[in-house]
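Below are the chains, spelled out letter by letter.
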Amino acid sequence: MRLGLALGYWGRSPDPRHLDLAREAERLGYHSVWTAESWGSDAFTPLTWIAAHTTRIRLGTAVAQMAARSPAATAMHALTLDHLSGGRLLLGLGLSGPQVVEGWYGRPFPDSPLTATREYVDVVRQVLRRRAPVTLDGRHHALPYRGPGATGLGRPLRPITHPLRPDLPVLLGAEGPRNVAQTARIADGWLPLYWSPLRTDLHAAALATAPEGFLVAPLAQARVCADVAEGLRPVKAMLGFYIGGMGHARRNFHADLMARMGYEEEAQRVRELFLAGRREEAVAAVPDAFADEISLVGPRGRIAERLELWRAGPVTDLLVTAPDPETLRVLAELV
């Protein structure tokens, strides 16, 4: 099981610790460092900055949002950064949800998310392989475009720049069982948002068809500390926001996932409190047990014991959100 450092996306401003953490992770032998995006900082620019200040560590997006760019534009970002970094990019993609897709990007959320994802990956793969001009008679992504307002002058193109790696790894952030199963068929890896080493059976059927070398790279908050309850507070804060606020009352993929993991009533309570504006209560309502099983928090010995559970399953890459160099060092020594 390899280690990755997950930096996420910026909050109000750039986090001045990120570059130092990435350099320290490389020094400690971490395999990868990952950035993200929501509706603020983008995923590719900070990763490019990190690439310029490191030499070996792999560079991943976890995740770049599909609605933010056409699939051809995402492929352009990927092939450019892959060249500049000497072949270090891992392209992680995610569909996001209706609130972000329609509210921020001004695009309709696809009525068939699996089809939209499959078409998006198809175009990205065609660009990176550069075998022929890119064409797709897609429902959501058609190249050339022939829909309303089309001039009829569009023609298939192939990238001017020859990609460094035609097999650049593409990973998908997926949550629903059908989405995970499709990911195992069309992608090189999966980026689970909440992963519990106690519930690997939830995904066994979906991952059954995954090819050899398929990456399973969950994100987990980690913190070496004496007080477990104190260490779980940031985990619960994240869960309260995602389960309560990152989605609509009628459609919230994160809350649905928590329910499938055995916490349906608790997920509903968190959503109700958050949507009522009682955010502190929503965070407090997140069960400690749920926060604990998807993270690595506590003294060194406790983390060492829990890491054995993560090793026993299908995880190939553990992507940790670690707030300090000491936590990075302890995890490197244990893994």
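Look a little higher up for the structure.
Residues numbered from 1 in each chain as written. Predicted model: local features only at pLDDT ≥ 70, side-chain atom pairs only at ≥ 80, totals over all residues. Heavy atoms only, no water.

1. What to know about unusual backbone geometry
Cis rather than trans, the peptide bond between A62 and V63 has omega equal to 5°. Relative to the helices and strands, V63 resides in the loop between β3 (58-61) and β4 (64-65). Of note, the bond from L143 into P144 is cis; its omega dihedral lies within 30 degrees of zero at -10°. Mapping P144 onto the fold places it in the loop between α5 (113-129) and β6 (170-173). (Helix = DSSP H or I, 4+ residues; strand = E, 2+ residues; numbered from the N terminus.)

2. Structural notes on the environment of R23
Topologically, R23 is positioned in helix α1 (residues 18-27). A relative accessible area of 38% means that R23 is categorised as partly exposed. Apart from residues no more than four positions distant in its own chain, R23 is found in contact with H53 and T54. (Buried < 20%, exposed > 50% of the residue type's maximum accessible area, 1.4 Å probe, protein only. Contact = heavy atoms within 4.5 Å.)

3. Things to note about the pattern of salt bridges
Applying the stated criterion across every chain, the model contains 18 salt bridges. Between D15 and R17 there is a salt bridge, and its shortest N-O distance comes to 2.8 Å. A relative accessible area of 23% places D15 in the partly exposed class. Residue R17 is classed as partly exposed on the basis of its relative accessible area, which comes to 43%. In this structure, the salt-bridge partner of R302 is D292, at a minimum N-O distance of 2.6 Å. In this pair, R302 is assigned in helix α13 (residues 300-312) and D292 in helix α12 (residues 288-293), connecting sequence segments 10 residues apart. Put simply, R300, E326, R329 and E333 are held in one network by salt bridges that share partners. (Salt bridge = Lys/Arg side-chain N within 4 Å of Asp/Glu carboxyl O.)

4. Some remarks on the side chain of T61
Looking at the element boundaries, T61 is found in strand β3. Since its relative accessible area comes to 0%, T61 is described here as buried. Here the side chain of T61 touches G92 through a polar contact of 2.8 Å, landing on its backbone nitrogen. If sequence neighbours within four positions are ignored, T61 has contacts with W34, T35, A43, F44, L47, L90, L91, G92 and L191. (Polar contact = N/O pair within 3.5 Å; in protein donor to acceptor, adjacent residues only side chain to side chain.)

5. Structural notes on the packing of aromatic side chains
Taken as a whole, this structure holds 5 aromatic pairs when the rule is applied. With a centroid separation of 5.9 Å and an interplanar angle of 85°, the aromatic rings of F241 and Y242 are classed as edge-to-face. For Y242, a relative accessible area of 14% translates into the label buried. Through pairs of rings, three or more aromatic residues link up here, namely Y194, Y263 and F290. (Phe/Tyr/Trp six-rings, centres within 6.5 Å; stacked < 30°, edge-to-face > 60°.)

6. Quick look at the environment of S41
Within the secondary structure layout, S41 lies in the loop between β2 (32-35) and α2 (44-52). Judged by relative accessible area, which is 12%, S41 ranks as buried. Distance in space between the C-alpha atoms of S41 and W10 is 5.8 Å, their sequence separation being 31 residues. Not counting residues up to four positions away in its chain, the partners in contact with S41 are Y9, W10 and A36. A polar contact is formed between the side chain of S41 and the backbone nitrogen of W10, at a distance of 3.0 Å.

7. A few points about the environment of F274
With respect to the helices and strands, F274 occurs in helix α10 (residues 264-275). Under the relative-accessibility criterion, F274 is labelled buried at 10%. Considering only alpha carbons, one finds F274 and A312, 38 residues apart in sequence, at a separation of 35 Å. In this view, F274 contacts G240, F241, G244, G245, R279 and A282; residues no more than four positions away in its chain are not counted.

8. Points about α13
Every α-helix carries 3.6 residues per turn, so stepping three or four residues along brings you back to the same face. Helix length check: α13 (13 residues) gives 19 Å between terminal C-alpha atoms against 18 Å at 1.5 Å per residue, within 8%. Residues I303, R306, L307 and W310 constitute the buried set of α13. One side of α13 holds all its buried residues, which, seen down the axis, span an arc of 120°. Exposed and facing more than 90 degrees away from the buried side of α13 are E305 and A312. Buried residues belonging to α13 abut β9 (219-224), α12, β10 (296-298), β11 (317-321) and α14 (325-334). (Expected span 1.5 Å × (residues − 1). Arc of directions from axis to C-beta.)

9. A word on helix α3 (residues 71-84)
Here α3 contains 14 residues, and its C-alpha end-to-end distance of 20 Å stays within 8% of the 20 Å for a straight helix at 1.5 Å per residue. Among all positions of α3, only P71, T74, A75, A78, L79, L81 and D82 are buried. Looking at the buried residues of α3, the elements they touch are α2, β5 (89-94) and α5. Backbone geometry just downstream of α3 places G86 in the positive-phi region, at approximately 75°.

10. Comments concerning the pairing of β6
In the sheet, β5 pairs with β6 via 4 bridges, with the strands oriented parallel. Residue pairing in the sheet places L91 in a bridge with V170 of β6. Pairing between β6 and strand β7 (residues 189-190): 2 bridges, direction parallel. Across the sheet, residue L172 finds its bridge partner in β7, namely W190. For the crossover that starts at β6, traverses helix α6 (residues 177-186) and ends in the parallel β7, the hand is right-handed. (Pairing = 2+ DSSP bridges. Right-handed = clockwise from strand over helix to strand, strands pointing away.)

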